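# Structure at a glance
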Amino acid sequence: MAKHQIDYLSSGGLPIALTTVDKLVNWGRSNSLWFLTYGLACCAIEMMASGGGRFDFDRLGTIFRASPRQAEVMCIAGTVSKKHAPFVRRLYDQMAEPKWVISMGSCANTGGLFNTYATVQGVDRIIPVDIYLPGCAPRPDTLIYAAMMLQRKIRSEPMNRKISAKRFV
């Protein structure tokens, strides 16, 4: 029987990668983010532009989906009115775990310049937000940067994270 001797020191090390299950699962999750398209105002135009050929959002492994059951990232782009807030919450509840939320633009973050009784003063009052994107309206490369920050966050968090329940407005 022939014996093969491999000199691992000269070939660059062992051909084995050691990791934990958490890191392996989070690496897979972070590289296949599926966004729920939910544009409410002018920030939605910038969100759509990020999926176009000029910015090429797909290179991060992201796909825009129209169904909440197949999406794991909800991107709230624009002003949320109080009449519309129950629908946002319902779509968030229909998404499978784990799920993340990006609040895009000043109107989604704080209500923007619409300090009225009909506007939700921040989408974090109805759903938990992971990343806030400032600006009016944030450019597509800002959304790409936010997706990269979300990927970093997903890779660093435990696999079975718990989200505290938010009270509905």
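Let me sum up the structure you'll find in this document. (Residues numbered from 1 in each chain as written. Predicted model: local features only at pLDDT ≥ 70, side-chain atom pairs only at ≥ 80, totals over all residues. Heavy atoms only, no water.)

A count of helical and extended segments in the protein gives five helices and five strands. Ordered by position from the N terminus, the helices and strands of the protein form the series α-β-α-β-β-α-β-α-β-α. Here the C-alpha atoms of the protein give a radius of gyration of 20 Å, more than 25% beyond the 15 Å that 2.2 N^0.38 yields for 169 residues. Expressed along its principal axes, the backbone C-alpha trace of the protein runs to roughly 80 × 35 × 25 Å. Across the 169 residues in the protein, those meeting the buried criterion constitute 37%. Long-range contacts, defined as pairs at least 24 residues apart, comprise 79% of the intrachain contacts of the protein with a sequence gap of at least 6. Summed over its atoms, the accessible surface of the protein is roughly 10,200 Å², and 58% of this surface lies on carbon and sulfur atoms. (Helix = DSSP H or I, 4+ residues; strand = E, 2+ residues; numbered from the N terminus. Rg over C-alpha atoms; globule rule 2.2 N^0.38 Å. Buried < 20%, exposed > 50% of the residue type's maximum accessible area, 1.4 Å probe, protein only. Contact = heavy atoms within 4.5 Å. Areas by Shrake-Rupley, 256 points an atom, 1.4 Å probe, with all protein chains shown as cover.)

Burial analysis of strand β3 (residues 73-77) places five of its five residues in the buried class, the great majority of the element. Burial along β3 is two-sided: V73, C75 and A77 and M74 and I76, pointing in opposite directions, are all buried. Two elements, strand β1 (residues 34-39) and β3, share five bridges in a ladder whose sense is parallel. What sits directly across from G39, in β3, is A77. One ladder, built from five bridges, connects β3 with strand β4 (residues 100-104); its direction is parallel. If you follow C75 over to β4, its bridge partner there is I102. Traced from β3 through helix α3 (residues 85-94) to β4, the parallel crossover comes out right-handed. (Pairing = 2+ DSSP bridges. Right-handed = clockwise from strand over helix to strand, strands pointing away.)

Enumeration according to the criterion identifies four salt bridges in this entry. The residue R89 makes a salt bridge to D93 at a minimum N-O spacing of 3.3 Å. One end of the pair is R89 and the other is D93, both in helix α3 and four residues apart, which spans about a single turn. Note on R89: relative accessible area 18%, which makes it buried. Between R139 and D141 there is a salt bridge, and its shortest N-O distance comes to 3.8 Å. (Salt bridge = Lys/Arg side-chain N within 4 Å of Asp/Glu carboxyl O.)

Okay, the side chain of S103 next. By secondary structure assignment, the location of S103 is in strand β4. Side chain to side chain, S103 and N109 meet in a polar contact 2.5 Å long. Leave out the neighbours within four places in its chain, and S103 touches I76, A108, N109, V123, V129, I131, Y132 and L133. (Polar contact = N/O pair within 3.5 Å; in protein donor to acceptor, adjacent residues only side chain to side chain.)

Attention now goes to α3. When we look at burial in α3, the residues that qualify are A85, V88, R89, L91 and Y92. Along the axis of α3, the buried positions cluster into a sector of 160 degrees, meaning they face one direction only. Elements that come into contact with the buried residues of α3 comprise β1, β3 and β4. (Arc of directions from axis to C-beta.)

The next point concerns the sheet that holds strand β2 (residues 63-65). Spatially, the five strands line up as an open sheet ordered β2-β1-β3-β4-β5, and their pairing is parallel. Every interior strand has two partners, whereas the edge strands, β2 and β5 (131-133), have only one. Here the average twist between neighbouring strands, direction ignored, is 25 degrees. Note that β4 and β5 share three bridges and pair parallel. Within β5, the position partnered with I102 by the bridge is I131. (Axes fitted to C-alpha atoms, helices over the stretch in contact; angles between N-to-C directions.)

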